Amino acid sequence: MRIIIDADACPRGAFEAAAKLARAAGVELVTVANFNHEIVSEHHITVGGDPQEADLKIINLARAGDIVVTQDIGLAAMVLAKGARALGPTGFEYLQERMESSLEERELKAKYRRAGGRTKGPAKRTAKDDRRFYEKLAEMTGAGDTDNDTPRKIFA
């Protein structure tokens, strides 16, 4: 098992929690981002600036049992198909049984935006999001005691 982070758009709180949990679980943490991002990570892969280049690299890296942290539902669908798990940075686990409706919703919103409409972006990140992400990733990796105050220490 590895934790692979789509670091092009991963919030700092989620990145820090993933790094700490990876160390605690003895799991390799791999970050992937294009050259426009400055990421400090032991196992970082820099890709070019083409659209979707980081996503394609992550799809090629991911294998069954890995955990991919991403906000990209299309990427989540692809890694789920490979037997990996996908987790959003707010602690939402993407599941295969919900993927079809999620992809349909994404397409409807994209179509609406192409026609000139505006859709709401994600809500501002909160401490509750950080805690939910930490707890879910701790559960997925088998690391960390989610009953103690570790999340508070990470995000204080």
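Scroll up for the structure.
Residues numbered from 1 in each chain as written. Predicted model: local features only at pLDDT ≥ 70, side-chain atom pairs only at ≥ 80, totals over all residues. Heavy atoms only, no water.

**Q** Would you explain the overall build of the chain in this entry?
**A** Looking only at helices and strands, the chain features 6 helices and 6 strands. If you list the helices and strands of the chain from N to C, you get β-α-β-β-α-β-α-β-β-α-α-α. Against the globule reference of 15 Å for 156 residues, the chain gives a C-alpha radius of gyration of 16 Å, in line with a compact fold. For the chain, the spread of C-alpha atoms along the principal axes amounts to about 50 × 30 × 30 Å. Within the chain, the fraction of its 156 residues that count as buried is 41%. Counting contacts in the chain only where the partners sit at least 6 residues apart, residues at least 24 apart contribute 51% of the total. When the accessible surface of the chain is split by element, carbon and sulfur atoms take 50% of a total near 9100 Å². When the 24 positive and 24 negative side-chain charges of the chain are each reduced to one mean point, those points stand 4 Å apart. (Helix = DSSP H or I, 4+ residues; strand = E, 2+ residues; numbered from the N terminus. Rg over C-alpha atoms; globule rule 2.2 N^0.38 Å. Buried < 20%, exposed > 50% of the residue type's maximum accessible area, 1.4 Å probe, protein only. Contact = heavy atoms within 4.5 Å. Areas by Shrake-Rupley, 256 points an atom, 1.4 Å probe, with all protein chains shown as cover. Lys, Arg positive; Asp, Glu negative; His and termini not counted. Charge placed at Lys NZ, Arg CZ, Asp CG, Glu CD.)

**Q** Explain the layout of surface pockets here, please?
**A** By rolling a water-sized probe across the atoms, one finds the places where empty space is left. Its volume calculated, the largest pocket comes out at about 860 Å³. Taken together, 21 residues form the lining of the largest pocket, with Q71, Y94, K109, G121 and P122 sitting closest to its centre. Among the elements that line the lining of the largest pocket, the one with the most residues is helix α4 (residues 96–114), at 5 residues. (1 Å grid on protein atoms, 1.4 Å probe; cavity = no way out; pocket = protein on both sides within 12 Å on 5 of 7 lines; lining within 4 Å. Points joined across faces, edges and corners; volume = space filled by probe spheres on them.)

**Q** Honestly, the packing of helix α1 (residues 12–25) against helix α5 (residues 127–141) in this entry has me stumped. Any pointers?
**A** Think of two packed helices as two axes; the pair is described by the angle between the axes and how far apart they sit. Where α1 meets α5, the axes come as close as 10 Å, and the angle between the chain directions of the two elements is 25°. One finds that α1 runs roughly parallel with respect to α5. Remark: the crossing between α1 and α5 carries right-handed chirality. Within the contact between the two elements, α1 uses G13, A14, A17, A18, L21 and A25 and α5 uses D130, F133, Y134, L137, A138 and T141. (Axes fitted to C-alpha atoms, helices over the stretch in contact; angles between N-to-C directions. Parallel < 35°, antiparallel > 145°, perpendicular 65-115°, else oblique. Left-handed = near helix turned anticlockwise from the far one by under 90°.)

**Q** Please explain unusual backbone geometry as it appears in this structure.
**A** Across the chain, the bulk of peptide bonds are trans and the bulk of non-glycine residues have phi less than zero. The backbone phi angle of Q52 is positive, close to 70°, even though this residue is not glycine. With respect to the helices and strands, the residue Q52 is situated in the loop between β3 (43–47) and α2 (53–61).

**Q** What am I meant to see in the pairing of strand β1 (residues 2–6) here?
**A** Looking along a regular strand, one sees side chains alternate from face to face of the sheet. Most of β1 sits inside the fold, with 5 of its 5 residues counted as buried. By the alternation rule, side chains of β1 split into R2, I4 and D6 and I3 and I5, which are all buried. Where β1 lies against strand β2 (residues 28–34), 5 bridges are found, and the strand directions are parallel. In the strand pairing of β2, I3 is matched with L29. As defined by bridge partners, β1 adjoins strand β4 (residues 67–69) across 3 bridges and the pair is classed as parallel. Residue pairing for β4: I4 is matched across the bridge by V68. (Pairing = 2+ DSSP bridges.)

**Q** Any chance you could explain α4 here in plain terms?
**A** Given 3.6 residues to a turn, an α-helix orients residues that are three or four positions apart in the same direction. Helix length check: α4, at 19 residues, gives a terminal C-alpha distance of 27 Å against a target of 27 Å (1.5 Å per residue), a fit within 8%. At the C-terminal side of α4, G116 shows a positive phi close to 100°. (Expected span 1.5 Å × (residues − 1).)

**Q** How should I be thinking about the nonpolar core in this particular structure?
**A** Most often, soluble globular proteins have nonpolar side chains that are buried together. In terms of nonpolar packing, the biggest core is built from 23 residues, with I3, I5, A18, L29, F133 and L137 touching the most fellow members. Elements supplying a minimum of two residues to this core: β1, α1, β2, β4 and α5. Considering each element in turn, this core owes the most residues, 7 residues, to α1. For F133, the residues in contact, after removing those within four places along its chain, are A14, A17, A18, V69, L87, G88, P89, T90, G91 and R125. A54, A62, L75 and L80 belong to the second largest nonpolar core, which has 19 residues in total. (Core = buried A, V, L, I, M, F, W, Y, C linked by side-chain atoms within 4.5 Å.)

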